[in-house]
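Inside the fold
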Amino acid sequence: MPLGKLAVRLTRLPCRVEFEMEYKNTLNLPQTDFPMRAGLVQREPERLAKWYAEGLYEQIQKRREGAERFLLHDGPPFANGDVHIGTALNKILKDFILKYQSLRGKQVPYVPGWDCHGLPIEFKVTQKMRKDGNTDATPAAIRKACEEYALGFIDKQREQFKRLGVLGEWDNPYLTLNPDYEAEELRLFADLVEKGFVYRGKKPVYWSIPCRTALAEAEVEYQDHISQSVYVKFPIVGESNMYLLIWTTTPWTLPANLAVAYNSQFDYQLIRVGEEAFIVSVPLLDIVVEKCGWAGDFEILRTVQGDQMAELEYHHPFCNRTGKLFAGDLFVDDSAGTGLVHIAPGHGQDDYNLGRNNGLPVYSPVDDKGCLARTADLPDEQQISDDLVGKQILSKNGKSEANEAVIEVLKSDNKLAFQESYEHSYPHCWRSKSPVIFRAMDQWFVNIDHDGFRDKALAAIDSVNWVPGWGRNRIEGAVQSRPDWCISRQRSWGVPIPAFYDAQGEPILDHRIVRNTADLVQQNGSNIWFERELADLWETVKPANWDGPDAAGKSTDTLDVWIDSGSSSRSVLMQRIELGRPNTEAGSPDAWQADYYLEGSDQHRGWFQSSLLLSLAGNGIAPYRNVLTHGFMVDADREKISKSKQDGGYSKPQTAEAYIGQYGADIVRLWVASQDFRNDITVSEERIKKVAEAYRGIRNAFRYQLSNLYDFDPAKHTVSDNDLTGLDRWILDCFSKVDSDVRESYEKCEFHIVYQRITQFVSVELSAVYHDTVKDRLYTSPSNSIRRRSTQTTLYRLVQGFSKMLSPILVFTADEAWESIPHLDSSCVHLTDWDPFEFCISDNEASNWKAMFAIRERIMPVLEEARRAKQIGKGLEACVSLSGVGNEFQIAQDHHEDLRELINVSQLSLNEGESDPLEIAVSKAAGEKCERCWRWETSVGSHNDHITLCSRCVEAVS
RNA sequence: GCUUUCGUAGCUCAGUUGGUUAGAGCGAUCGUCUUAUGAGCGAUAGGUCGGGGGUUCGAGUCCCCCCGAGAGUACCA
């Protein structure tokens, strides 16, 4: 270092700090109020309050008046309990779609709904009533309490849903308990009655003993259950000590036994064991013999062909009657048991079918309480003896009174050949979680095969777009195999079935009566049915020219809740004008059919199906065009939890509130977006934390962009596309590709792709390349230089596009960012239009950048090497030398300054040489570090007024 | 039991009609900067594509079997 310069610097040393500060003030350092820390938990509610004060949802609707409508119909959650995290997932996914479609220009109304009737609520309410000693409440009183209960939870859930950032008609939702809703539901029911779908029949249905009601398929869930498996001796008529050996896992159904089924394709054998002889199927002989302990102690007497079995008759093991054998090839198999199947037509579907085909009565000697009883179906003397009457079927502490009693009777008469515990999955009541029983009783049914309805339903399924595709198989399978729909419930909290009974006890169900009742309900609510006296009610709803029998009693049954929610297309979509499509033919499917239904995959047997069947029966068409399905919330370490439960255990929070309260809605929303919802969604601390980190990345990008726009006024400073610097043009081109990719993913509802695309763009192209590179010109170039304004023009466009594309997901943060963008017309990102982001560079320009990035790729490791060797620290201390020939060298030469900037070094020297590919060398940069811009320049020290600055900075500060 | 979906780095996802040595981001680790600083930049490690067969010149991709997870469902007599 020349002595002179050193002297100068030394003399200035005491003042150096002062000068640095001074020069620092000449930089255009970033400024913004947009905080790095989000404080979502605290600040989201503030923004929410503002939105509702300003009526944001209404403003959004107003802006889109006359636009094409996009209709997503909300599936109603139960008005019971806090919002579960899975329910929140569902609402958030819906909101992604709603916000996206709205932003893209459609009018997107959203009417949330609640399912208000049904067992879940009545169960809770009556439970509380019992606790309070109120055991004989009238149906009307129970209903009042249920309504209060439901409305209370609707208020609670409404706030929890709003907190998620979901916008909609929260003040005017649809409730299945609204009189208008109930009335339309009854009118739909009247259509079904008129068209001949509804009949009363006696057949086995699921029966919940604790809930004392019939259940639908969608109301049972499978759980493991231990049953008593018994092998029973049925004495053969006309023989002594000769028995059929039958197997059952439900001994309590033996009193209902009316027949035995065999498989005509099997061979059976008569075997002798001591003084007794048994008929057992050949394929199962070995197992039976072993279980009964007869091994080595029996002899085969003869073989009986299956088709000879029909000639046999047997004595019921403990009732005074006989039964016959029938072929049941469809269901008698050789996988377990004895090959001889005990048949109780009142307690099983196959049994029922076999009984009906052979003229057996539907005998179900069980009362509503779940106790064994005598019925009018058989003469008293043929039924169970007194010691069995009143025995409870439902097991307590693993023991069923009825099973025990039956087994005891069998034992005492030496009719029990073998007994063991048998673990299998068994249907349970979804409310009481106790095993259901099959029990035949009089119920109302919808005939699924009426007038080819099942085939029509299958055809309708085919006309709908199911996403993911396997949803089609699911619902097809469900519809194909479903039995008739049992729609009556012996409960109070529901829409009444407007049926009467005549003096003989015969039911009266007439579509005119149903419609009259609907009108009555519309005016008074459905409580009227329970409150009014029979005579009064009958006079009110009886058709004018009624010539049938008069009513002697009214039905107290209510409709299955799946009829409630399933008729929402009729009660909501076809009624609400804001949910219709104007300019379409009134009443045509186009006028009301929903674009989307979106629910969890369990709804294939639930709401998707009930909605389809009811809409099809009533309106002749499916209620939806697209059906989206999401998986369930699963616990990532479910196994770990159950394991750790053994040592103390802990439980994961289940409510949405727990997560929102800890992370804020935007993080939860981003987490929902981050995973492919068509599979199950993993809830784990680790996962949410990762998402929170990604959020910080996005937020920082916002902050960087916003903080460099503080002095930018687009009206004055915008640089035209052609005058933008190459790097600006490059990032805008990148962004337009991101924009179109993201739009495509939103269209396909692939939000996890949106997430991946955006977060990866943020960390690679934006943060590591563009933001990092452009820092120098933003900070050090003269504030009004075209170079700086070019980049600000670019940032200004990026930040707007970025806010928009994120706004369906990060509803709060995107709006917060939007507010910080200077000079905008619109005050809220949700009140903007997302038009495609148009920017395209030529192929030539693109390929130049591609080449420069390729060169950069190769320079990086060399720089890193120099850094490791302590030759340089930051990149600006380096001089990179490239030498070579050819196209690559030519591009480097043509874009010398762009390339230097891109690799973020102070100097880039290019030397024509022989080497191809380029030869790369790194050395310490020449000159000295400029105090202002930190670049190493040979011009530093040559300006007397600013001895520590480079030429560019001298110019910038003067 | 039957039907069905799923199984790619620690995490979340890509992986086109089968086609080089299976990719990305994040995280982790190490380094670097101190003009985005509870930030930024760089580098490194990480996979027998659940396992095993088969078809093929070639399989993460197609076929079969098995294992594991989820869901649906049954008449388990």
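The paragraphs below set out a description of the structure included in this document.

Turning our attention to the overall build of chain A. Each helix and strand in chain A was counted, giving 33 helices and 34 strands. Taking 2.2 N^0.38 as the reference for a compact globule, 958 residues should give roughly 30 Å; the C-alpha atoms of chain A span a radius of gyration of 39 Å, well beyond that estimate. Its C-alpha atoms give chain A principal-axis dimensions of roughly 130 × 80 × 50 Å. Put simply, chain A has 958 residues, and 57% of those count as buried. Contacts in chain A between residues at least 24 apart in sequence constitute 76% of all its contacts with a sequence separation of at least 6. Put simply, chain A shows about 40700 Å² of open surface, and 47% of that area lies on carbon and sulfur atoms. Of the side chains in chain A, 107 bear a positive and 140 a negative charge, and the two mean positions are spaced by 6 Å.

As a further point, take the pattern of salt bridges. Counted by the stated rule, this structure contains 71 salt bridges. A salt bridge links E44 to R163, with the shortest nitrogen-to-oxygen separation between them at 2.9 Å. Taken together, the positions of E44 in helix 3 (residues 40-54) and R163 in helix 7 (residues 139-163) put the pair 119 residues apart, joining distant regions of the chain. Per residue, the accessibility class of E44 equals that of R163, and both read buried. The shortest N-O distance in the salt bridge between E159 and K162 comes to 3.8 Å. Of the two residues, E159 and K162 are both situated in helix 7; the distance of three residues between them amounts to about one turn of the helix. Given the relative accessible area of 47%, E159 is considered partly exposed. Through salt bridges that share partners, E184, R187, D191, E194, R515, D519 and R570 make up one connected network.

Quick look at the packing of aromatic side chains now. Evaluation of the coordinates by the stated rule reveals 39 aromatic pairs. On the basis of an interplanar angle of 40 degrees and a centroid distance of 6.1 Å, the ring pair of W114 and F161 is categorised as tilted. Here F161 lies in helix 7 and W114 lies in strand 2 (residues 113-114), a separation of 47 residues in the sequence. The residues W114 and F161 share a single accessibility class, namely buried. By way of ring pairs, the aromatic residues F96, Y100, F677, Y746, F751 and W834 are connected into one cluster. Looking at K203, its charged tip hangs above the ring of F445, at a distance of 5.0 Å from the centre. The ring centre of W207 lies 4.5 Å from the NZ or CZ of R439, which sits over that ring.

The next subject is empty space enclosed by the protein. Enumeration according to the criterion identifies five cavities of 30 Å³ or more in this entry. The wall of the largest cavity is formed by 19 residues, among which H225, I393, S395, S400 and N403 lie closest to the centre. For the lining of the largest cavity, the secondary structure elements donating two or more residues are strand 6 (220-235), strand 16 (399-400) and helix 11 (401-412). The leading source of residues in the lining of the largest cavity is strand 6, at four residues. In the lining of the largest cavity, the residues fall into eight nonpolar, nine polar and two charged.

Bringing the sheet that holds strand 27 (residues 624-630) into the picture now. Two modes of strand pairing occur in sheets, parallel and antiparallel, and in both the strands are linked by backbone hydrogen bonds. Overall, parallel pairing links the four strands, which are arranged 1-26-27-19 in an open sheet. Here the strands that pair on one side only, and so sit at the sheet edges, are strand 1 (72-73) and strand 19 (465-467). Two strands pair when backbone bridges link them, and strand 26 (residues 594-600) and strand 27 are joined in this way by six bridges, in the parallel orientation. Within the sheet, the bridge partner assigned to L598 lies in strand 27 and is L628. Against the sheet, helix 5 (residues 85-103) touches strand 1, strand 26 and strand 27, its axis set at about 155 degrees to strand 26.

A few words now on the protein's contact with RNA strand B. Within the structure, RNA strand B sits among 58 residues, and T249, H342, D350, S425 and W934 are positioned closest to it. In RNA strand B, the atoms that sit within 4 Å of the protein are 68% sugar and phosphate, with bases accounting for the remainder. Within the side chain of D680, a nitrogen or oxygen atom sits 2.9 Å from a sugar or linking oxygen of RNA strand B. Q756 has a polar side-chain atom sitting 3.0 Å from a base oxygen of RNA strand B. For the surface near RNA strand B, the elements supplying multiple residues, two or more each, are strand 7 (242-248), strand 14 (341-343), helix 10 (349-357), strand 17 (416-429), helix 13 (470-481), helix 24 (685-707), helix 27 (751-780) and helix 30 (843-868). When residues in the surface near RNA strand B are grouped by element, the largest group, 11 residues, is from helix 27. Per-class residue counts for the surface near RNA strand B are 19 nonpolar, 17 polar and 22 charged.

Basis of the calculations
Residues numbered from 1 in each chain as written. Chains lettered and ligands numbered in written order. Predicted model: local features only at pLDDT ≥ 70, side-chain atom pairs only at ≥ 80, totals over all residues. Heavy atoms only, no water. Helix = DSSP H or I, 4+ residues; strand = E, 2+ residues; numbered from the N terminus. Rg over C-alpha atoms; globule rule 2.2 N^0.38 Å. Buried < 20%, exposed > 50% of the residue type's maximum accessible area, 1.4 Å probe, protein only. Contact = heavy atoms within 4.5 Å. Areas by Shrake-Rupley, 256 points an atom, 1.4 Å probe, with all protein chains shown as cover. Lys, Arg positive; Asp, Glu negative; His and termini not counted. Charge placed at Lys NZ, Arg CZ, Asp CG, Glu CD. Salt bridge = Lys/Arg side-chain N within 4 Å of Asp/Glu carboxyl O. Phe/Tyr/Trp six-rings, centres within 6.5 Å; stacked < 30°, edge-to-face > 60°. Lys NZ or Arg CZ within 6 Å of the ring centre and 35° of its normal. 1 Å grid on protein atoms, 1.4 Å probe; cavity = no way out; pocket = protein on both sides within 12 Å on 5 of 7 lines; lining within 4 Å. Points joined across faces, edges and corners; volume = space filled by probe spheres on them. Nonpolar A, V, L, I, M, F, W, Y, C, P; charged D, E, K, R; others polar. Pairing = 2+ DSSP bridges. Axes fitted to C-alpha atoms, helices over the stretch in contact; angles between N-to-C directions. Near = heavy atom within 4 Å. Polar contact = N/O pair within 3.5 Å; in protein donor to acceptor, adjacent residues only side chain to side chain.

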